[in-house]
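What the coordinates show
Letter by letter, the chains look like this.
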Amino acid sequence: MSTWRHIDPRVIEAFLSVPRELFVPDGLREHAYEDDPLPIPDGQTISQPSTVVEMLDALGVLPNHNVLEIGTGSGYNAALLSRLVGGERVTSLEISPLLVRFAKENLRNAGVENVDVVLADGSLGYPEKAPYDRIVGTCAAPMIPEPWVKQLKDRGVILAPVGGVSQRMMRISRHGDEIYTEFLGEYSFVPLRK
Ligand code: SAH
């Protein structure tokens, strides 16, 4: 985190309530509380904790929001989302069957019951549960995929890194037919895969 800033206390509460060590591979547990991304199966990474917190703060999830995540990975961010939505269910899409299994096991071990991990190509969104209040991408696409915008509710927000090697965090908000775009800083994420 480059500057000190106010973070939504609900995001802090969610962060403190989910043990990150349950979402990293066995041999890496001693590093779970360092502010670094860590490798997970299939050549992917669990994001750096400060990045996860910054993204959740920028996303502004409220209780009962219908939330879609693209890129389940370890399931860690999904577990935090599951706290922020209260009793609502979170849908999280993952393209790697290996990571679908990894995330489901981690979520079970952490006692998280309101996340549906779905094996799917997230670039298509997930029309089955649309429209969404919040859509968050944790892998980088060249641009926000059009289906995500189509599946967003009025007053809904999309947050995702866009670009190639170095990416910018992009936030899209819908107000009726108007779409507002903001860029929130530079990050480095694994790419969205086809
Ligand atoms: N949110 C994760 C971090 C995931 S890293 C966590 O908390 O651990 C990004 C993930 O996006 C990887 O697991 C990768 O397999 C997945 N991914 C890449 N392309 C995808 C696609 N097209 N659809 C769904 N998931 C994808």
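A few points on the structure.

Here we take up unusual backbone geometry. The peptide bond linking A130 to P131 adopts the cis configuration, its omega dihedral lying at 5°. Looking at the element boundaries, P131 is found in the loop between β5 (115-119) and β6 (132-137). With a phi angle near 70°, R155 is a residue other than glycine that sits in the positive phi range. By the secondary structure assignment, R155 is in strand β7 (residues 152-163). For R155, a relative accessible area of 57% translates into the label exposed.

The tally for this structure, following the rule as stated, stands at seven salt bridges. With its nearest N and O atoms 3.9 Å apart, the salt bridge here joins D42 to R193. Remark: R193 occurs in the segment after β9 (178-187) and D42 occurs in the loop between β1 (38-40) and β2 (44-46); sequence separation between them is 151 residues. A salt bridge links R89 to D116, with the nearest nitrogen and oxygen atoms 2.9 Å apart. In this pair, R89 sits in the loop between α3 (76-84) and β4 (90-94) while D116 sits in strand β5, placing the two residues 27 residues apart along the sequence. The network of salt bridges with shared partners includes R89, D116 and K129.

A word on the sheet that holds β9. Spatial strand order, β5-β4-β3-β6-β7-β8-β9: seven strands in an open sheet with mixed pairing. Of all the strands in the sheet, just β5 and β9 have a single pairing partner and so form its edges. This sheet shows a mean twist of 15° between the axes of neighbouring strands, independent of strand direction. As defined by bridge partners, β7 adjoins strand β8 (residues 167-175) across seven bridges and the pair is classed as antiparallel. Counterpart to A160 in the pairing with β8 is M170. In this fold helix α2 (residues 49-59) packs onto β6, β7, β8 and β9, with an angle of close to 155° to the strand it touches most, β6. Relative to the sheet, helix α4 (residues 97-109) contacts β4 and β5, its axis offset from that of β5 by approximately 165°.

Thresholds applied
- Residues numbered from 1 in each chain as written.
- Predicted model: local features only at pLDDT ≥ 70, side-chain atom pairs only at ≥ 80, totals over all residues.
- Heavy atoms only, no water.
- Helix = DSSP H or I, 4+ residues; strand = E, 2+ residues; numbered from the N terminus.
- Buried < 20%, exposed > 50% of the residue type's maximum accessible area, 1.4 Å probe, protein only.
- Salt bridge = Lys/Arg side-chain N within 4 Å of Asp/Glu carboxyl O.
- Pairing = 2+ DSSP bridges.
- Axes fitted to C-alpha atoms, helices over the stretch in contact; angles between N-to-C directions.
- Contact = heavy atoms within 4.5 Å.

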